[in-house]
Amino acid sequence: MVTFGNNRYDFVPVKIGILGMEIVRNRKSMAKPEDYDDFLTTLTQAQPTPDWPEALIALWYDAKGDWGASHDIAQEIHTDMGSWIHGYLHRKEGDEWNAGYWYRRAGKPFPKVSLEEELKGIVEFVVQNS
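The residue count restarts for each chain, going from 1 along the sequence in the order it is written. For this predicted model, a pLDDT threshold of at least 70 governs which residues receive local features, and a threshold of 80 or more governs which side-chain atom pairs are given and counted, while totals over whole chains, interfaces and linings are taken from all residues. As a rule here, side-chain values cover all heavy atoms of the structure and leave hydrogens and water aside.

Turning to the side chain of Ser 83, a few remarks are in order. Strands are runs of DSSP state E lasting at least 2 residues, helices are runs of H or I lasting at least 4, and numbering of each runs from the N terminus. When you line up the elements, Ser 83 lands in helix H4 (residues 80–93). Here a residue-residue contact requires only that any non-hydrogen atoms of the pair lie within 4.5 Å. Apart from the residues within four sequence positions on either side, Ser 83 is in contact with Ile 77, Trp 102, Arg 105 and Ala 106.

What follows is about the nonpolar core. Grouped together as the largest cluster of nonpolar side chains are 26 residues, with contacts concentrated most on Phe 39, Leu 59, Ile 85, Ile 122 and Val 123. Looking at this core, the elements with two or more residues in it are helix H1 (36–41), helix H2 (54–63), H4, helix H5 (96–106) and helix H6 (115–129). A total of six residues in this core trace back to one element, the largest contributor, which is H2. Joining through side-chain atoms within 4.5 Å is the link that ties buried Ala, Val, Leu, Ile, Met, Phe, Trp, Tyr and Cys residues into a set, and such a set is a nonpolar core. Note on classification: 1.4 Å probe, protein chains only; a residue is buried when its accessible area is under 20% of the maximum for its type, exposed when over 50%, partly exposed between these limits.

What follows is about the packing of H4 against H5. Packed helices, taken two at a time, are described by the angle between their axes plus the distance between the axes. Orientation of H4 relative to H5, taken along the N-to-C sense of each, is 160°, at an axis distance of 7 Å. Relative to H5, the element H4 is oriented roughly antiparallel. For the pair H4 and H5, the crossing hand works out as left-handed. Every residue of H5 that contacts H4 at Asp 80, Ser 83, Trp 84, His 86, Gly 87, Tyr 88, His 90 and Arg 91 is listed here: Asn 98, Ala 99, Trp 102, Tyr 103, Arg 105 and Ala 106. Under the grouping applied here, Gly and all other residues not named as nonpolar or charged are polar, the nonpolar ones being Ala, Val, Leu, Ile, Met, Phe, Trp, Tyr, Cys and Pro and the charged ones Asp, Glu, Lys and Arg. Here the residues of the contact of H4 with H5 sort into six nonpolar, five polar and three charged. Every angle, taken between N-to-C directions, lies between 0 and 180 degrees, and every axis is a line fitted to C-alpha atoms, over only the stretch in contact when it is a helix. What sets the label is the angle itself: under 35 degrees gives roughly parallel, over 145 gives roughly antiparallel, 65 to 115 gives roughly perpendicular, and the rest give oblique. Helix crossings fall into two classes, left-handed where the near helix is turned counterclockwise from the far one by less than a right angle and right-handed where it is turned clockwise.

To continue, consider the packing of aromatic side chains. The pairing test for Phe, Tyr and Trp rings, Trp by its six-membered ring, is centres within 6.5 Å, and the orientation test on the planes gives stacked under 30 degrees, edge-to-face over 60, and tilted for anything in between. Per the stated rule, a full pass over the model turns up five aromatic pairs. Ring geometry for Trp 60 and Tyr 61: centres 5.1 Å apart, planes at 90°, overall edge-to-face. Pairing Tyr 101 with Trp 102 gives two aromatic rings, centres 5.0 Å apart and planes at 85°, and the pair type is edge-to-face. Relative accessible area serves as the criterion here: at 34%, Tyr 101 is assigned to the partly exposed category. If you follow Lys 108 out to its NZ or CZ, it ends over the ring of Phe 125, 5.7 Å from the centre. Only lysine NZ and arginine CZ atoms are considered, and such an atom sits over a ring when it is within 6 Å of the ring centre and within 35 degrees of the ring normal.

So, about the environment of Phe 39. The topology assignment puts Phe 39 in helix H1. Of the residues examined, Phe 39 reaches a relative accessible area of 0% and is grouped as buried. Sequence spacing of Phe 39 and Val 123 is 84 residues, and the spatial spacing of their C-alpha atoms is 7.9 Å. In this structure, Phe 39 is in contact with Pro 33, Leu 56, Leu 59, Trp 60, Ala 63 and Val 123, ignoring residues within four places of it in sequence.

The next point concerns the environment of Glu 34. Note that Glu 34 resides in the loop between strand E3 (21–30) and H1. The class for Glu 34 is exposed, based on a relative accessible area of 54%. Expressed as a C-alpha distance, the spacing of Glu 34 and Gln 128, which sit 94 residues apart in the sequence, is 7.8 Å.

Shown next as structure tokens:
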């Protein structure tokens, strides 16, 4: 693995062709974002890097517009962080009753900020604490 700035590059051997000849292909792996603005720049990628914290991956899918994938990941994070993300997702969905349940499980009050501000706050918390 080679690192340039915040980006890591893996050199992955790939077998191709009928003779099974081996070539080396460069695959970019995104480093964990350092802040919310850095997180936003990763949204141009097709998928998050699998070695990111699960919470950050869940938030990435939500930010990309894939609520279902985000929810599937968040509901498998059995911590206060997972509950916080779960609450945010149900609030975004418009299910305030269910959101309230998850915020209480996370030990968080029901937010009075916009969804965008809450997403930024959660991302920044995850980035700083993982």
